[in-house]
Amino acid sequence: MSGSYEFDDVIVGWENHPFYTSVLQVMEKAGRAIQLDPNVYNRLSKPKRVLYVSVPVRMDDGSIQVFDGFRVQHNTTLGPAKGGIRYHVDVNLAETSALAMLMTLKNSLVGLPLGGAKGGIRCDPNKMSRREKQALTRRYTSEIFMLIGPDKDIPAPDIGTDAQTMAWLMDTYSSQVGHVVPGVVTGKPIEIGGSLGRVDATGRGVVYNIIEAAKRLRLDLNDKTRVAIQGFGNVGYYSAKILANVGCTIVAVSDVSGGIYNSKGVNLEELRTYIAQHRTVKGFPGGDFVSNDELLELDVDILIPAALSGQITEKNADKIKCKILAEGANGPTTSEANEILFSKGVFTIPDILANSGGVIVSYFEWVQGLQNFFWSEKDVNNKLWEKVSHAFNRVYEFHLSKKMDMRHSAIAVSLEHLSKAMLYRGFFP
Ligand code: NAD
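Residues numbered from 1 in each chain as written. Predicted model: local features only at pLDDT ≥ 70, side-chain atom pairs only at ≥ 80, totals over all residues. Heavy atoms only, no water.

1. Things to note about the pattern of salt bridges
- Across all of its chains, the model carries 16 salt bridges by this definition.
- A salt bridge links arginine 71 to aspartate 153; its shortest N-O distance comes to 2.6 Å. Of the two residues, arginine 71 is situated in strand 2 (residues 64-75) and aspartate 153 in strand 5 (residues 153-157); the sequence distance between them amounts to 82 residues.
- Among the residues examined, arginine 71 registers a relative accessible area of 0% and is labelled buried.
- When the shortest N-O distance is used, the salt bridge between aspartate 158 and lysine 118 registers 3.0 Å. With aspartate 158 in the loop between strand 5 and helix 6 (163-177) and lysine 118 in strand 4 (residues 115-122), this residue pair connects regions lying 40 residues apart in the sequence.
- What you see here is one network of salt bridges that share partners, running through Arg86, Glu95, Lys118 and Asp158. (Salt bridge = Lys/Arg side-chain N within 4 Å of Asp/Glu carboxyl O. Helix = DSSP H or I, 4+ residues; strand = E, 2+ residues; numbered from the N terminus. Buried < 20%, exposed > 50% of the residue type's maximum accessible area, 1.4 Å probe, protein only.)

2. A closer look at a positive patch on the surface
- Positive charge collects at one region of the surface, where Arg43, Lys48, Arg49, Lys152 and Arg425 lie side by side.
- Within the secondary structure layout, arginine 49 lies in strand 1 (residues 49-58).
- A relative accessible area of 41% means that arginine 49 is categorised as partly exposed. (Patch = residues over 30% accessible without salt bridge, like charges linked within 9 Å, V, L, I, M, F, W, Y side chains within 5 Å. Areas by Shrake-Rupley, 256 points an atom, 1.4 Å probe, with all protein chains shown as cover. Lys, Arg positive; Asp, Glu negative; His and termini not counted. Charge placed at Lys NZ, Arg CZ, Asp CG, Glu CD.)

3. Description of unusual backbone geometry
- Residue phenylalanine 428 is joined to proline 429 through a cis peptide bond whose omega torsion reads 5°.
- Along the chain, proline 429 falls in the segment after helix 15 (406-425).
- Look at asparagine 372: it is not a glycine, yet its phi comes out positive at around 50°.
- Inspection of the secondary structure puts asparagine 372 in the loop between helix 13 (357-371) and helix 14 (377-402).
- We classify asparagine 372 as exposed; its relative accessible area is 63%.
- Even without glycine at this site, lysine 403 takes up a positive phi of about 50°.

4. As for the sheet that holds strand 4
- Pairing within the open sheet is mixed, and its five strands lie in the order 1-2-4-3-5. The open sheet has two free edges, formed respectively by strand 1 and strand 5, since each of these has just one partner strand. Adjacent strand axes in the sheet meet at a mean angle of 25°, parallel and antiparallel pairs treated alike.
- Pairing between strand 3 (residues 81-88) and strand 4: six bridges, direction parallel. When the bridges of strand 4 are listed, tyrosine 87 appears paired with isoleucine 121. (Pairing = 2+ DSSP bridges. Axes fitted to C-alpha atoms, helices over the stretch in contact; angles between N-to-C directions.)

5. A few points about the domain arrangement of the protein chain
- What the domain assignment lists for the protein chain is domain 1 (2-182) and domain 2 (201-354).
- Distance from the C-alpha centre of domain 1 to the C-alpha centre of domain 2: 25 Å.
- At the interface, 16 residues of domain 1 touch 11 residues of domain 2.
- Counting the surface lost from both domain 1 and domain 2, the interface buries some 1,100 Å², and carbon and sulfur atoms represent 54% of this.
- Considering only the side of domain 1, the residues that lose the most area to domain 2 are Leu102, Lys106 and Leu109, jointly responsible for 31% of the buried surface there.
- Put simply, domain 1 and domain 2 have one salt bridge between them.
- In this structure, glutamate 339 and lysine 29 form a salt bridge, with 3.5 Å as the shortest nitrogen-oxygen distance.
- At the junction of domain 1 with domain 2, the criterion picks out three residue pairs in polar contact (both at pLDDT 80 or more).
- Counting residues per element, the ones that place at least two in the side of domain 1 that touches domain 2 are helix 2 (18-33) and helix 4 (93-109).
- When the residues that make up the side of domain 1 that touches domain 2 are grouped by side-chain class, the tally is seven nonpolar, four polar and five charged. (Domains from an automatic or database assignment. Contact = heavy atoms within 4.5 Å. Buried area = accessible area lost by both parts, 1.4 Å probe. Polar contact = N/O pair within 3.5 Å; in protein donor to acceptor, adjacent residues only side chain to side chain. Nonpolar A, V, L, I, M, F, W, Y, C, P; charged D, E, K, R; others polar.)

6. Topic: the site of the ligand
- Near the ligand, the surroundings consist of 21 residues, among which Asp158, Thr202, Val235, Ala307 and Asn330 are the closest.
- Between the ligand and the protein, one listed contact pairs an oxygen atom with a backbone N or O atom of alanine 307 at 2.7 Å.
- Protein chains shield 86% of the accessible area of the ligand, which is 830 Å² for the free molecule.
- A class-by-class count of the residues in the shell around the ligand yields eight nonpolar, nine polar and four charged.
- Looking at the shell around the ligand, you find at least three residues from each of domain 1 (2-182) and domain 2 (201-354). (Near = heavy atom within 4 Å.)

This is the structure:
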């Protein structure tokens, strides 16, 4: 909460933050594989625009708390900036900037006409009432108003935010311009211009990637396929649900409080009902407790980190036993850990590919909103499948031909496209 930390941790020194430098390192190595123009690398190594805002909110007890917030636009060569808004206690400028850079790379990789952005507020949404969260969202929106818009920068949900948050954001923006502007955000409720298939799109994209990877590794996806998932929010829950529908057994899931393990499979709907009542996985009777660290090291076929960045590091990478690591979260694996996993033969589907389903269907939502013509859920899912499998194939071909791991291959494929666009547009002035 505001006031209980050093301001320095939030803003100063962001360029040297390990998450930011680790994304840069990966980009540098991938760039070498495609002889990336050094001027392009230099441009991409810094965000285009950074906005810091302080967000005052009258809390339910009558006091006013001031929260730190950010909106970072990393690059807009391919189109309007696009990226989620995170509400979490650890939000800071370095993390937001690194995540914005990953958004640029993700959007380019999957061929969207969008740049990269990210935003966030340093707060604990679990400890805030609905009224406090609404006030926070509306004030934050008015503070970043000058940056966002359907042709400029289009936010979406991320950790701690959801369709309701996007509805408040859209309503505040629309009130300020004087008419309704659905295209200012994606991930909205269906009733106000959201897209069918958006709520589960990120998890669905994770599963589509796993299906592609399993084909290449000749791994059958059936009830003997054991899956562990860290994080049981939007991405974790829908990845679990859709993989269970494919026939896999979800043996472990977790949230911030820890996890549940059941070798016969966790009952996902019972767990969801339990969480709705207790707001935590902790104490769920349908399995044994596992810590988040233990969950990552379980003997499973597929591991899906779907919570925070920096979960798999050089300290635990050697103990990871899965065959496929599908990164639902952004930046869950450090670059040191990535090397260890590659040498151990773990097949990693990197974040910018694995979780691209969210921004792909966000793009579909934006397009549908601009045309006021809405598609069926089947259409959305079919188009999602086309985009994900096309991107997966391009990355996989690069990985085979250059003998490079999937993470660097994905970034290289993305940079090939983005750098051409940047060089065509040139630098101003
Ligand atoms: P969410 O808020 O819906 O869920 C986050 C989950 O992570 C919750 O279950 C929470 O309890 C858990 N968690 C938080 N801190 C944790 C910790 N220290 N250890 C273990 N679990 C912890 O968020 P989400 O939208 O599902 O996003 C999850 C990840 O996926 C993030 O990295 C996000 O950037 C990424 N992502 C989300 C989307 C999307 O469409 N929502 C798209 C692409 C990427």
